[in-house]
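Below are the chains, spelled out letter by letter.
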Amino acid sequence: MNRFAYLFEGLTIRRVAWVSAICVVATGIVVGFFLNTYLDLLVSALCVGYTSMLLFTIFGNIRQERFSRQVMQVVAILVGSFVGTILAGLVKGRDIVQMFSERLAGVTITMSLGIGFGCVVVAAFILREKHAKDAARLHRAEAERHQLEKNVLQARLQLLQAQVEPHFLFNTLANVQHLVETEPPAAARMLESLIQYLRAALPQMRQAESNLGRELDMSRAFLEINAMRMGSRLTYDVSMPESLRCRPFPPMMLISLVENAVKHGVDPCCDAGSISVRVHEEGDRLRVSVADSGEGISLKKGTGVGLSNIRERLKTLYGADARLVLEENKPHGVIATLDLPADNGTSAEMDDNPRVERAA
């Protein structure tokens, strides 16, 4: 019996209720045109309606390829109206022979009404089914479009990130070369620091995700390398609550701001400059700032693939919910702040006391 259970899929109480309601309404419409009582016509309508509904469900679930499902359902209405009319006569105690002789006109009318109302119901059902399929097709197309947009955005982010990597590495190697040429005794220490930095940074450069702790460690290593190169001309400090170390953060974005502060802030102009990196959370916002005491906002031009790259990546990652803000660091210098939506998914323990590290 289980082999044929699929034939009755869709035969629900809701469908039975709908057919019952249609029979009641249809009987009320046509009763005024006949001599029959309302109850007599209702019995005929229910017999035709239930039989057509049963065959409509079975015929619609038959697995075959010769005819479409809609054709099979129309055939079900025709057969159901005929069988239901015969069943109605038997329920009323009528003789089958008389039904097709003396009462043939009544039988024909009952069958015709069953076919007419049944075809209207089938048409409504087919339209509803078509609408559901169109909605499902539209939903799939929308999901595919979102997936395609996601893939495009991912590829765009990888391209933007790939622009940052050689830019950063080449500048760092240029700093190493400068140190080797100007201070040979410090070359070994510089190369050792660079090797430690590269060991930490290279495995992460092509990852799509990072965290604040990892990016801050790389920035600190970069500042240390430049402090060795510049000597007393550069001091720096880094401050971040320990609870924020595991927060997700775009890779290579903070290091671009730090590099920009060194290259376009302190290095060109100052006999003694400082760079301060601060990370803090305000409500539902995460703010990461890099402040320098360099030339100032009026002279800072950015790096082409530096600040403009950061803005492009922020737009791609967060839309309008993130921004890069540049403001004056009085009495002179620039504060570059990344304003991002805070992520509460970190597993680190809360610690309101920031850890501050300083280097001369």
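So, how was this worked out
Residues numbered from 1 in each chain as written. Predicted model: local features only at pLDDT ≥ 70, side-chain atom pairs only at ≥ 80, totals over all residues. Heavy atoms only, no water. Axes fitted to C-alpha atoms, helices over the stretch in contact; angles between N-to-C directions. Helix = DSSP H or I, 4+ residues; strand = E, 2+ residues; numbered from the N terminus. Parallel < 35°, antiparallel > 145°, perpendicular 65-115°, else oblique. Left-handed = near helix turned anticlockwise from the far one by under 90°. Contact = heavy atoms within 4.5 Å. Expected span 1.5 Å × (residues − 1). Buried < 20%, exposed > 50% of the residue type's maximum accessible area, 1.4 Å probe, protein only. pLDDT = per-residue confidence, 0-100. UniProt positions renumbered as here; feature names shortened; annotations may be inferred. Pairing = 2+ DSSP bridges. Patch = residues over 30% accessible without salt bridge, like charges linked within 9 Å, V, L, I, M, F, W, Y side chains within 5 Å. Areas by Shrake-Rupley, 256 points an atom, 1.4 Å probe, with all protein chains shown as cover. Salt bridge = Lys/Arg side-chain N within 4 Å of Asp/Glu carboxyl O.

Asker: Looking at this model, I keep getting lost on the packing of helix H7 (residues 212-230) against helix H8 (residues 253-266). Mind explaining?
Answerer: Each pair of packed helices can be summarised by the angle the axes make with each other and by the distance between the axes. Put simply, H7 and H8 touch, their axes get as near as 8 Å, and they point 20° apart. It follows from the interaxial angle that H7 and H8 lie roughly parallel. Crossing geometry of H7 relative to H8 is assigned as right-handed. Only Met253, Leu254, Ile255, Val258, Glu259, Val262 and Val266 of H8 make contact with H7, whose side of the interface consists of Glu215, Leu216, Met218, Ser219, Phe222, Leu223, Asn226, Arg229 and Met230.

Asker: I would appreciate a short explanation of the side chain of asparagine 61 in the present structure.
Answerer: Its location among the elements puts asparagine 61 in helix H2 (residues 38-61). Setting aside residues no more than four positions away along its own chain, asparagine 61 makes contact with Tyr6, Leu7, Phe8, Glu9 and Arg69.

Asker: What is the right way to read helix H3 (residues 69-91) from this model?
Answerer: Residues spaced three or four apart along an α-helix face the same direction, because each turn holds 3.6 residues. Here H3 is 23 residues long and its end C-alpha atoms lie 31 Å apart, about the 33 Å a rise of 1.5 Å per residue gives. What H3 keeps buried is the set Met72, Gln73, Ala76, Ile77, Gly80, Ser81, Gly84, Thr85, Ile86, Ala88 and Gly89. Directly beyond the C-terminal end of H3, a positive phi value near 80° is found at glycine 93.

Asker: What's the story with the confidence of the model for the protein chain in this structure? I'm lost.
Answerer: Residue-level pLDDT values for the protein chain average 78, and 80% of them are 70 or greater. In the predicted structure, residues 299-304 sits below a pLDDT of 50 and forms twelve contacts with residues beyond four places in sequence or in another chain. Scored below 50 in pLDDT, residues 344-360 makes 36 contacts in the model with residues more than four places away or belonging to other chains.

Asker: Would you take a moment to explain the UniProt feature "transmembrane region" (unreviewed entry) in the protein chain for this structure?
Answerer: Cross-referencing UniProt, the feature "transmembrane region" (unreviewed entry) maps to residues 16-35, 41-59, 71-91 and 103-127 in the present numbering. Note that residues 41-59 is 100% helix and 0% strand, and that its end C-alpha atoms are spaced 26 Å apart. With 96% helix and 0% strand, the stretch residues 103-127 has end C-alpha atoms that lie 36 Å from each other.

Asker: Would you take a moment to explain the pairing of strand S4 (residues 273-282) for this structure?
Answerer: Relative to S4, strand S2 (residues 234-241) runs parallel, the two sharing six bridges. The partner of tyrosine 236 across the bridge, within S4, is isoleucine 275. When S4 meets strand S5 (residues 285-292), the two strands line up antiparallel, connected through eight bridges. Its bridge partner lying in S5, histidine 280 is registered against arginine 287.

Asker: Is there a simple way to explain the side chain of threonine 85 in this structure?
Answerer: Mapping threonine 85 onto the fold places it in helix H3. Judged by its relative accessible area of 4%, threonine 85 is buried. Beyond its immediate chain neighbours, meaning those up to four positions away, threonine 85 contacts Val48, Met99, Val107, Thr110 and Met111.

Asker: What is the right way to look at a nonpolar patch on the surface in this model?
Answerer: The grouping of Phe67, Val71, Val74, Val75, Leu78, Val79, Phe82, Val83, Leu90, Ile96, Phe100 and Leu104 at the surface amounts to a nonpolar patch, some 930 Å² of accessible area in total. Per-element tally for the nonpolar patch: the top contributor is H3, with eight residues. Within the element layout of this structure, phenylalanine 67 appears in the loop between H2 and H3.

Asker: Is there a simple way to think about unusual backbone geometry in this case?
Answerer: For residues other than glycine, phi is negative in most cases, and the peptide bonds are mostly trans. Lysine 330 connects to proline 331 through a cis peptide bond whose omega is 10°. Along the chain, proline 331 turns up in the loop between strand S6 (323-328) and strand S7 (334-341).

Asker: I'm lost on the pattern of salt bridges in this one. Help?
Answerer: Close approach of charged atoms allows side chains with opposite charge to pair. Counting across every chain of the model gives 16 salt bridges. Notably, a salt bridge pairs arginine 247 with glutamate 281, separated by 3.1 Å at the nearest N-O pair. With arginine 247 in the loop between S2 and strand S3 (248-249) and glutamate 281 in strand S4, this residue pair connects regions lying 34 residues apart in the sequence. By relative accessible area, which is 3% here, arginine 247 ends up buried. By relative accessible area, glutamate 281 is classed as partly exposed at 29%. As a salt-bridge pair, arginine 285 and aspartate 339 come within 3.0 Å of each other at their nearest N and O atoms.

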